[in-house]
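# Close look at the chain arrangement
For reference, the chains in residue letters:
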Amino acid sequence: MKQLPKSHATLIEGQMFRLMKSGQGKPSIVLINGAGGPLDGWYKLYPEIEQLGTVFAYDRPGVGGSPKPREAQYGETVVAQLRLLLQTAGVEPPFVLVGHSFGGLHANLFARAFADEVAGVLFLEATAPDDVTTLKQFQSPLQRGFINLLDRISPRDQFDEIRHEAETVKDIQEAPAFPPVPVTVLSGTKRLPRWMVPAALVRERERTQLGLAALSPLGERIEARRSAHFPQLTEPELVLGALKRLVARTKT
């Protein structure tokens, strides 16, 4: 049975964070969760991922073992907190960022803000900036209703960063250009029923995923054909293989 390494809590500028560090050597692989997702969601990648270098994962404020945020979770705030956490935990660059879902926005911004420290990025079923600005118009009535319900019943602190998603996209737009580092975009392509996800939304999502790969001249795209939104759970071997190739590309 797979088991995560032991996590611990760290206090940074008045904010407590749950984090986990394991493995050794370079590069340092930084796992960035999706919105509302705790670090436990990476468990199927362990212990194999530790063979690739030092591995760091954490819970953002309001999620998992990290208490509610003390300040609004704008993109620039999240990225600054992550960098300070890495420094405090002794996790040294070069970093290979792995951003899942909403965490893809944070990986995108971190790579731009601290380009000299980033060796590569794996966008894992990642949110692209255009997803935030244009994808909603393609949602089905069922999707919109579910999202509205989730917004009403979910703890406000857990999804604070989503409530500031427009500001995070603006942070990305105003940041420096994305660096020319190796990039892998791994997308789940398992189709859900059309009454749940309209074909127009699928086409738009494909466009934005290809756009992430085009951020770098060293970008590539991989399809996870047996996965929807969580390839790290449904096809962990594929994710590990893609990450292993990405790490090798950063060293050449």
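The preceding data block contains the structure.
We now turn to the structure provided with this report.

Quick notes on the rules
Residues numbered from 1 in each chain as written. Predicted model: local features only at pLDDT ≥ 70, side-chain atom pairs only at ≥ 80, totals over all residues. Heavy atoms only, no water. Helix = DSSP H or I, 4+ residues; strand = E, 2+ residues; numbered from the N terminus. Contact = heavy atoms within 4.5 Å. Buried < 20%, exposed > 50% of the residue type's maximum accessible area, 1.4 Å probe, protein only. Pairing = 2+ DSSP bridges. Arc of directions from axis to C-beta.

## Points about the environment of A175
Here A175 lies in the loop between α6 (165-174) and β7 (183-188). Separated by 99 residues in the primary sequence, A175 and E76 have C-alpha atoms spaced 9.6 Å apart. Dropping the residues within four chain positions of it, A175 is found in contact with L109 and R112.

## A look at the pairing of strand β4 (residues 54-58)
In summary, the side chains of a regular strand alternate between the two faces of the sheet. Of all the five residues making up β4, five are buried; the element is thus mostly covered by neighbouring parts of the structure. Because side chains alternate across β4, one face comprises the buried residues T54, F56 and Y58, and the other comprises V55 and A57, equally buried. Inspection of the sheet shows strand β2 (residues 15-22) paired to β4 by four bridges, in the antiparallel sense. Bridging from a neighbouring strand, M20 pairs with A57 of β4. Bridge count for strand β3 (residues 28-32) against β4 is four bridges, and the pairing is parallel. From the neighbouring strand, I29 faces β4, where its bridge partner is V55.

## Considering the side chain of S187
By the secondary structure assignment, S187 is in strand β7. Owing to a relative accessible area of 2%, S187 belongs among the buried residues under this scheme. What S187 contacts, discounting residues up to four positions off in sequence, is E125, Q209, R221, I222, E223 and A224.

## Some words on α6
Among all positions of α6, only E165, T168, V169, D171 and I172 are buried. Buried residues in α6, looked at end-on, bunch into an arc of 155°, giving them a common side. Residues of α6 that are exposed and point over 90 degrees away from its buried face: A166, Q173 and E174. Where α6 is buried, its residues meet α1 (75-88), α2 (103-113), α3 (129-134) and α5 (160-163).

## Structural notes on the pairing of β3
Among the five residues of β3, five are classified as buried, and the element is accordingly described as predominantly covered. Sheet analysis places β3 next to strand β5 (residues 95-100), joined by five bridges and oriented parallel. Directly across from I29, in β5, lies its bridge partner V96.

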